[in-house]
Every structure is written in C-alpha cells, then in structure tokens.
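Each chain, written out:
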Amino acid sequence: MVDPVEVEAVVKRYGTAVALAGVTLRVGRGEIFGLLGQNGAGKTTLVKILLGMVAPTAGTARLLGIPVGTPSARRAVGYLPEDHRLPEYHTAASLLDCYGGLQGLPRSWRRQRAAELIEMIGLGQAHRLKVRNFSKGMKQRLGLAQALLHRPDVLFLDEPTDGVDPIGRKQIRDLLLAERARGVTIFINSHLLGEVEQLCDRVAILRKGKVVRSGSVVELTHRQHTWLVGFDRPVPDSSTWASAHLDPPDRNGISRVHLADEAALDLFLAEATGRGFAIRHLQKERGTLEDLYLQCATVPIGPHVASSVRCG
Amino acid sequence: MIGWMRSFVALLHDTWLEFIDAKSLWLVLLTIAVLFGVALTIHGEPLAAGRTYLDLAARSLSADTNDLDPAEVSLHTIATRLDGSISWIQSAEPIGPVMQPADGQPQDGPKTSWRVTLVRNTLPVVGKMADTNSIAARFGRVADGELWRVHAIRETTAPLAARLGSQRWEMVVNPGRDLTILWPHRLTLFGDALELTPPQGAPLGLEVFILQKLLATGLGGTALLLVSVVITAGFVPTMIRKGTLELLLARPVHRWQLILGKFIAALLFVAGMLGLLVGATWVVTGIVSGLWAPGILLAVVSLLLFYGLLLSVSIFAGTLTRSAPAAMLIAVAYWAVLFVVGILHAQVVASRVREDLTGRPRPLTVADALRGRSDPRAPLEPQKRPFHRTAAGRIVEATYRVLPHSSDLDAMVDRQLMRGFSVGGRMRQVLESGEFSWLGGMGLTVAHATAFLAAACVIFGSRDP
Ligand SMILES: Nc1ncnc2c1ncn2[C@@H]1O[C@H](COP(=O)(O)OP(=O)(O)O)[C@@H](O)[C@H]1O
Ligand SMILES: [Mg+2]
C-alpha cells in the first residue's frame, strides 16, 4: 500500500531565495507526523506544495498515490492553513455548508455532518453568530471543523494550536487522537514542541529548507544511561558516590543519575541502600524534543547534516 | 458533473451571503424603494384637447402623412403635402364619457367620443370628390399613428354644395390607439402639491418616457450599478486574500472555477436587482399613466451587459492588485472613460445627422470643435465624410472604436422607448439614423468582458498564493 504522503527531493525557490532545498519524506497511514522548524524554515511551503497551491521548482510529491496539483489529489485531504481568515459574513453552519458544496458533498449529508461538527467543537450555542464576531479560539475550532468536514483521509494542520488556550488545545488534541483512531493520517506543522511531543508518532526537523533530523519521537529523545531518582531525605554530598555521578537535586528533591551503563543501576541502588536512603522515585530519563530542537537549530549546517538526512 | 454543479451552487450561496452582508446595498435599495413610493404619488390629469386633435385629424386628410412621425407633425410639413383639398371640423360635441372636475365645466379627455361634422372642400370640377369609405378609413390616421377611429359615418352633402366641390359628413368618432400617448396631461406629485409640467401640459408619452428614463436608467439604474460595482469589486480581493484563499484552494476545484463562479453569481444577483428595478419602473409608470409600452424592459439587457463589463474589469483589477479599493476605483474610472467617450461620440454623430437632415448650418457645439468646424456659415461637409479633422476628435474617435460601445446600448433602449411613446424630436432622429445598433453595442462589450475575465483567470491560475 502506498504511503499517504510522499515527498521526493522537492526544491522550491522564490527568485533566488531557497525555501526548500531538496526535501524527501514519507508519512505512513494512520501516523501523526510533526514537521518542526523555526519561522521561515519552509514548513508552510512544503504543505502548500502538497496541496497543489504552490508549484515545486523541482522534485515530485504524491498524496494518496496521486501526483499533487490536480483537484482529485485534494479530494480526500483536509487542510487547516496557518493564520487562516474565514470569510466574515458566514455563520459556522453556512460556512461549512459552502465548503461542503465546494467539496462536492451531497446536501443532506453535509447538513448533518456540519451540525455534528458544530456540536463537537462547541459552537452549538453560537449558531446565529457571524464569523466576524467570533473569538480567536472559536475561529480556530471552526477552521479545524472545515478541515474535518468531508472526513478526509489525510489532514494537514499548519500551526493548529496557535493562539488557542490550554483547554482548547486539549480539546483539539483529543479530536486529533480520535481522528487518528479512525485511521486518518495527520501532518502537523508546528513550532510548539510540547504539543508535537504529546501528539506525534514521528517528527522531522526542518531547517532552512532541509530536513536535519527525522525519526520517531522515542528514538529522537532517547538518552543513554540517565535516570531520575528521589530519596526519602536530602542527599548531603551528591559528589561522593562511587557507582554513579549524581547531579545536585532540583527543588523537588529529584537528582539526575549518570551511569556508566545500564547494569550499573543495580550497583547504584545497592549503594543507596547501603548509605541508608529509601528510594521514593525512580525513572528513566528521556530528553525533550526541545533539547533536540535547540541543538539542531544552533548547530551550524555542515557535513553531518547530510548524514542525518540520510538516516532519516 | 454533479460535483461541478454542487461547487457552483456553493459559490452562489457564498456570494449571496457576501452580497446581502453589505450595508450599502440595503441603503440603496431603501432609497430606490422610497423613490418608487414617491413616483407612485404622481397624478396625471388630461387637459381638454379634443378639438385640437380633431382639427389635426381633419387637416391631415388633405395630406399624405403616412411616412411622417406623429410627434413631428406640424402645419408646415402638412402644408407641403396638400392634395388640393381642405377639410375642417365644422362642429364637434363630446358625447362622453366626459370628466367632471370638482370645480368648473365638464371637460373632454382622451377617452371621450365625439359627434363631429366634417366639411371637405375641393376645387370645383378639377378637384376629386372623396368617398365616404375612404374618409372613414383615413380620418384620425396621422403618419403611422391612430388618433381617432370612425365609429359611424353618414354623408349629408347638399346637392348644390356637391356641385361646388363641398362635401359634408356627420360622424361619431372614438379615441384611437395612440391618442392617449399624445394627449397633453398635467402631472403633479404628492397629490396636487408639486407641478411637474407646464400649465399647457405635455404629451403623456413624453412624460412617461422621461419618468422611465429617470427611474430605470437614470437615477435608479446608475445608483444600483454604482453600489453593485462598489460591493462586488471587493468579492475577489476578499476571496483571494491570504488565509482565505488557502481554505478554498484546498478544495477539489480549479482556480478558474472560483473566479468564474464569483462572476456568474454576482451577475445573477445584480440581474435580479436590475430586473426588480426595471420591472418596478414599468409597473409604477404603468399604474400612474395607464401606458404599458414594454420598451423599458430592454433596459435590463443594456444595464446588465454594462454591469457585466464593469464586473469583469473589477475582477481583473482585483486579481491583479488584490485590493478592493483599487478594484473599485479602476472599475469606476473605466466607467467614467466609457461615459465621456460615449457622450462625445454621440454628440459628434448627432451633429452630423442633424446637419444631413436639415441641411442648415447651426451654432457651433463641442462636437463641431471635435469635427474641426470653426465657421458656422461654412459649407457643410458631404454626408459620411470622416468627421474628425482635429487631434482631439481623432482621439475620441479612436478610443470609441476600441472601447466597448456601451453607450450604444443605452441609445437602443432610448430608441425603443421613443418609439413606444411616440416621442420625436432631434434626439429621435439621431437614434433612428442607423448609427447605433444592438450588435454594435453588444459585440465589443461582450468581447472586452470576456478578455478581462480570461486575463483574470490566467493571472490567478499561474500565481503562488
Ligand atoms: N510567496 C513567496 N514569495 C517569496 N518568498 C516566500 C513566499 N512564500 C514563502 N517565502 C519564503 O520561503 C521561506 C519559507 O517560508 P515558510 O514556508 O512560510 O516557512 P514556515 O512555514 O516554516 O515559517 C521563507 O524564507 C519565506 O520568506
Ligand atoms: Mg508557516
């Protein structure tokens, strides 16, 4: 079976400015994929190429196996643009009805679906209100609803939680997880790393039009031989341990333990017991995407980048 | 195909909501409604004119007036066509219905029938006597119009008088088909508060002609076109602004479908409003005057063609600049150029046509300046000579040749109105001169509109959002 999203050596130049410098990536069916990168990295450009709005300078891209740029490639695709502006003279229902018509959906079907979505995104009370009087969060939720309208197989979300409050973000997250459960492939552009980390199965980091890292979130944030430990009382001299290197505890009393290898954990636990400490907290540490991202963003692009592109 | 229809209906729906969202639309519709309400208070009162028109009918028995414009008939023109006889109304008595004004004498009107004594004298011996049937058929027919219809006729010529060339008939005549149109009426507004006509009144047809032009093509039409251009000029810039366009482009439609859909939708709504405006004009003037000539309904075609042209210009400009004010200004400026060029061209045509018709030099006009005529007494140029000798004149002419002849469309509507209401005069001569045609007006208008629209589609289709 073909991957829903296939991008092959895509290059996009605006005049002499390079927005995408040869991007290759694939997103598998039912995956939530996160494309990370600073402003101007080329995330939006890539999504627009996939939706046929921007013609690539070189390279090929396919959606659900169909070359991009034709209406049929977009038929089963939902899109939430970044900084979208919904036409202000619509109500939520009339907007969804019009977009449903453009999508070619039968009238009764789209009426029912629109009502269901409006209820789902919590705009049921505001059915007489025009978009011009919507709050930012309402607009964002309506934007999401128009992307989900035709039950697409692939969903492109460009900065979906931008400007949405934490409760709204949680709602959006739950909605997306429900969509994934239906087998929908979700492609998220974001610079909000916490979001992506909570949602995405796989991520790629884009920098200046190039993929500098890609892989599963677990893979990318994996840290070797580091554990977090908490004792029943403060550790007076964390520097004198024999079996491991122990960082000073943070304000919750949790210390980071650096081991030589995984087998050393048992030695460390024995030493702690020997010193009379009772263990209250023990957890394998993972890096955050943020660490990785900052690392990627600051390291100059050199020969090693090429190798990480290949490994992605 | 079904999907295609659904997309189109969706665009129609979307455009409709955008259209009725505009406050200015309601303001103008309200103003127009008030205008029509005011027009409904117009009251037309016929003046006593039966004797005048009976005399006219009697006089024209002596002349062949079949190719004469009824509105142009004068004693002078009739006199040149006399057949040597002379007829007059010896006595006339209204036999009803007559009008009973609240104060004053019973009065005849355009619905009144008459008992008439007609006398016809011709030269004894050489003159030809008229037979009763030809009098019955010809009395009241002036040019192509029918003022009176003979209901009953009886010859009462005395034998001796017959020998002297004098005949006499007793007739009952009813008003003919065209009498009301030419009958002088006094028009007042708001009951009797405001006089719209001079004391001697004016032909009802002329009054309705002016009213219809004012309501449908003049004030009402211009206001409606202007507000429609202003509102719809914003449609495409709003649709293609960043953040909105992406929502549409993600749908499985072609870009040209979006442009064309907006165009057709806007055209349909404006067509509906123009239909209402023109239809209301027809009904209102029909109600207040009783004249139902349908010529004004053609104004829907001319106004809509013109609006379609302005719309495609504004769509083109909107696609290019992505700015609603710019699109609106460019469309209005284009309108202004067409208007000025159209007027100047019509002036030049009028100047030439009148000269050809009258053969008389006239005082100099703007048109003469454009034609390079500087001496009013100079000999006239032969017919159909290139009439632009000056640079300004050539520019006007050249501009007119390439621009849509939208003013020709107005001229065609005016001509139809003038025919319907038997309105004559110099303007009628110019409009009937063959210089204007529906095809000429439509051809370049449709061609320009198509070109602008196609250019908009090409620009829009080939640009990254
Ligand atoms: N229409 C355009 N014309 C010229 N340059 C553009 C255009 N669109 C995007 N760019 C440039 O391409 C680069 C990538 O932009 P974008 O894809 O929007 O990045 P991101 O979404 O990651 O913030 C930026 O440097 C931007 O300035
Ligand atoms: Mg972006």
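The rules we used
- Residues numbered from 1 in each chain as written.
- Chains lettered and ligands numbered in written order.
- Predicted model: local features only at pLDDT ≥ 70, side-chain atom pairs only at ≥ 80, totals over all residues.
- Heavy atoms only, no water.
- Near = heavy atom within 4 Å.
- Polar contact = N/O pair within 3.5 Å; in protein donor to acceptor, adjacent residues only side chain to side chain.
- Areas by Shrake-Rupley, 256 points an atom, 1.4 Å probe, with all protein chains shown as cover.
- Helix = DSSP H or I, 4+ residues; strand = E, 2+ residues; numbered from the N terminus.
- Nonpolar A, V, L, I, M, F, W, Y, C, P; charged D, E, K, R; others polar.
- Expected span 1.5 Å × (residues − 1).
- Donors = N, O, S within 2.8 Å, 3.2 Å for Na, K, Ca; no water.
- Buried < 20%, exposed > 50% of the residue type's maximum accessible area, 1.4 Å probe, protein only.
- Contact = heavy atoms within 4.5 Å.
- Salt bridge = Lys/Arg side-chain N within 4 Å of Asp/Glu carboxyl O.

Section: the site of ligand 1
Residues and elements named next belong to chain A.
Phase 1: Taken together, Tyr-14, Ala-19, Gln-38, Asn-39, Gly-40, Ala-41, Gly-42, Lys-43, Thr-44 and Thr-45 make up all the residues around ligand 1.
Phase 2: For ligand 1, an oxygen atom lies 3.0 Å from a polar atom in the backbone of Gly-42.
Phase 3: Here an oxygen atom of ligand 1 and a side-chain polar atom of Thr-45 are 2.5 Å apart.
Phase 4: If ligand 1 stood free it would expose 560 Å²; the protein chains cover 61% of that surface.
Phase 5: Ranked by residue count, the leading element in the shell around ligand 1 is helix α1 (residues 43–50), at 3 residues.
Phase 6: Residue classes in the shell around ligand 1 are distributed as 3 nonpolar, 6 polar and 1 charged.

Points about helix α11 (residues 255–289) of chain B
Phase 1: Relative to the 51 Å expected for 35 residues at 1.5 Å per residue, α11 of chain B spans 51 Å between its end C-alpha atoms, a close match to the ideal helical length.
Phase 2: Of the residues one or two after α11 of chain B, Gly-290 of chain B is the one with positive phi, at around 80°.

Overview of the coordination of the magnesium ion (ligand 2)
Tetrahedral coordination by four donors sets the ideal angle at the metal to 109.5 degrees; octahedral coordination by six donors sets it to 90 or 180 degrees.
Residue and element names in this part refer to chain A.
Phase 1: Of the protein atoms, only Thr-44 (OG1), Glu-82 (OE) and Glu-82 (OE) coordinate the magnesium ion (ligand 2), at distances of 2.0 to 2.7 Å. With Thr-44 in helix α1 and Glu-82 in the loop between β6 (77–80) and α3 (92–102), this residue pair connects regions lying 38 residues apart in the sequence.
Phase 2: When its relative accessible area of 17% is taken as the criterion, Thr-44 is described as buried.
Phase 3: With a relative accessible area of 23%, Glu-82 lands in the partly exposed category.

Here's the deal with the environment of Val-229 of chain B
Phase 1: With respect to the helices and strands, Val-229 of chain B occurs in helix α8 (residues 204–233).
Phase 2: In contact with Val-229 of chain B, other than residues within four places in its own chain, are Tyr-307, Leu-310, Ala-331 and Val-332 of chain B.

Quick notes on the pattern of salt bridges
A side chain with one charge can pair with a side chain of the opposite charge if their charged atoms come near.
Phase 1: According to the stated counting rule, one finds 27 salt bridges over all chains in the structure shown.
Phase 2: In this structure, the salt-bridge partner of Glu-246 of chain B is Lys-48 of chain A, at a minimum N-O distance of 3.0 Å. Taken together, the positions of Glu-246 of chain B in helix α10 (residues 245–249) and Lys-48 of chain A in helix α1 put the pair across two chains. Pair check on accessibility: Glu-246 of chain B and Lys-48 of chain A agree, each one buried.
Phase 3: The partner of Asp-414 of chain B in a salt bridge is Lys-213 of chain B, and the shortest N-O contact between them spans 2.8 Å. Highlighted residues: Asp-414 of chain B in helix α16 (residues 406–420) and Lys-213 of chain B in helix α8, separated in sequence by 201 residues.
Phase 4: Residue classification places Asp-414 of chain B among the buried residues on the basis of a relative accessible area of 13%.

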